[in-house]
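Below are the chains, spelled out letter by letter.
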Amino acid sequence: VYIHGHEVCVNGKFNGDAHPGNILLLGVPEGKPQLGLIDYGQVPVLSKKTRIIFCKLIVALAEDNRAEIVRLMKEAGYKSKYMAEENIYKYAKVGYDEDNDALTGGDHIQIFMEKLQSKDPIETLPRSLLMVSRCSTMLRGLGHAVHQSRSIAHAWKPIAEKVLREECCI
């Protein structure tokens, strides 16, 4: 999770296909376990502006600052038919941070996202941010599979804050 946070927030280039088959456990027989990340065939690139907005979004998600989450999603280029703020907030939470029964009403993430889409169809979302959402969802899916749910925003917040300090944004 942290490696991908560094890729997204610091490098602005990341593995857009972070499924479990592209994460290897190496060195176990030698007693030196390491993760091996493979298949960087899909490497989205975030512009500096988008990367800074996304770092701010991560901080807002970790702090559950609804108004700032909605504002930053709009600034990032999110547009939907009705621009319903509750839907924008929920899309950001599930897309970039976490999924749990309290947030999804017990629905599977796919069903939940389909319901959001039917209430307020997304018209525009920059492809690079769609790929960050895909990466976040895949990483959380791996965590769910091993019964270790994670908040991506909490994990990436220190990385995002460091980037924002270095870029003179906070």
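Please refer to the structure higher up on the page.
Bear in mind the structure is a predicted one, so any value in this text is a computation, not a measurement.

Reading guide: rules and limits
- Residues numbered from 1 in each chain as written.
- Predicted model: local features only at pLDDT ≥ 70, side-chain atom pairs only at ≥ 80, totals over all residues.
- Heavy atoms only, no water.
- Core = buried A, V, L, I, M, F, W, Y, C linked by side-chain atoms within 4.5 Å.
- Buried < 20%, exposed > 50% of the residue type's maximum accessible area, 1.4 Å probe, protein only.
- Helix = DSSP H or I, 4+ residues; strand = E, 2+ residues; numbered from the N terminus.
- Contact = heavy atoms within 4.5 Å.
- Phe/Tyr/Trp six-rings, centres within 6.5 Å; stacked < 30°, edge-to-face > 60°.
- Lys NZ or Arg CZ within 6 Å of the ring centre and 35° of its normal.
- Salt bridge = Lys/Arg side-chain N within 4 Å of Asp/Glu carboxyl O.
- Arc of directions from axis to C-beta.
- Axes fitted to C-alpha atoms, helices over the stretch in contact; angles between N-to-C directions.
- Parallel < 35°, antiparallel > 145°, perpendicular 65-115°, else oblique.
- Nonpolar A, V, L, I, M, F, W, Y, C, P; charged D, E, K, R; others polar.

Trainee: Where do I start with the nonpolar core in this structure?
Mentor: Nonpolar side chains tend to gather and get buried jointly when the protein is soluble and globular. One finds F54, M73, Y96 and W156 to be the most contacted residues of the largest nonpolar core, which totals 45 residues. Elements that contribute at least two residues to this core include exactly helix 1 (2-11), helix 2 (48-62), helix 3 (66-76), helix 4 (85-96), helix 6 (109-119), helix 7 (127-145) and helix 8 (152-166). Looking at which element gives the most residues to this core, the answer is helix 2, with 10 residues. In contact with W156, other than residues within four places in its own chain, are V1, H4, G5, V8, C9, F54, I58, V132 and L139.

Trainee: Even after reading the chapter, I still don't get the packing of aromatic side chains, so can you show me in this structure?
Mentor: Within a pair of aromatic rings, the relevant descriptors are the distance that separates the centres and the angle that separates the planes. Counted according to the given criterion, the structure contains four aromatic pairs. Relative to Y91, the ring of Y78 lies with its centre 5.7 Å away and its plane at 40°, an arrangement referred to as tilted. Taken together, the residues Y78 in the loop between helix 3 and strand 3 (79-80) and Y91 in helix 4 connect sequence positions 13 residues apart. The same class applies to Y78 and to Y91, which are both buried. Three or more aromatic residues joined by ring pairs form one cluster here, namely F54, Y78, Y91, Y96 and W156. Residue placement shows R66 over the ring face of Y89; its charged tip is 3.9 Å from the ring centre.

Trainee: Please explain the pattern of salt bridges as it appears in this structure.
Mentor: Between side chains of opposite charge, pairing is possible as soon as their charged atoms come close. Under the criterion given, the structure shown has 16 salt bridges. Put simply, E98 and K93 hold a salt bridge, and the shortest N to O gap is 3.3 Å. Judged by relative accessible area, E98 falls into the partly exposed class, the value being 23%. The structure contains a network of salt bridges with shared partners spanning D64, K93, D97 and E98.

Trainee: Help me out: how do you make sense of helix 6 in this one?
Mentor: Since the α-helix packs 3.6 residues into each turn, any two residues three or four apart lie on the same face. All of the buried residues in helix 6 are F112, M113 and L116. For helix 6, the buried positions fall inside an angular range of 95° around the axis, keeping them on one side. The secondary structure elements touched by the buried residues of helix 6 are helix 4 and helix 5 (101-104).

Trainee: Mind showing me how you'd approach the packing of helix 3 against helix 4 here?
Mentor: Any two packed helices are characterised by the angle at which their axes cross and by the distance between the axes. It is at 9 Å that the axes of helix 3 and helix 4 come closest, and there the two elements cross at 85°. Regarding the angle of helix 3 to helix 4, the classification is roughly perpendicular. In this structure, helix 3 uses R66, I69, V70, M73 and K74 to contact helix 4, whose residues at the interface are E85, E86, I88, Y89, Y91, A92 and Y96. Its residues placed into classes, the contact of helix 3 with helix 4 shows eight nonpolar, no polar and four charged.

Trainee: Quick question: what am I supposed to make of the environment of G77 here?
Mentor: Mapped onto the secondary structure, G77 falls in the loop between helix 3 and strand 3. Measuring from C-alpha to C-alpha, the distance between G77 and T124 comes to 6.8 Å, with 47 residues separating the pair along the chain. Those residues in contact with G77 that lie beyond four places of it in its chain are T124, L125 and P126.

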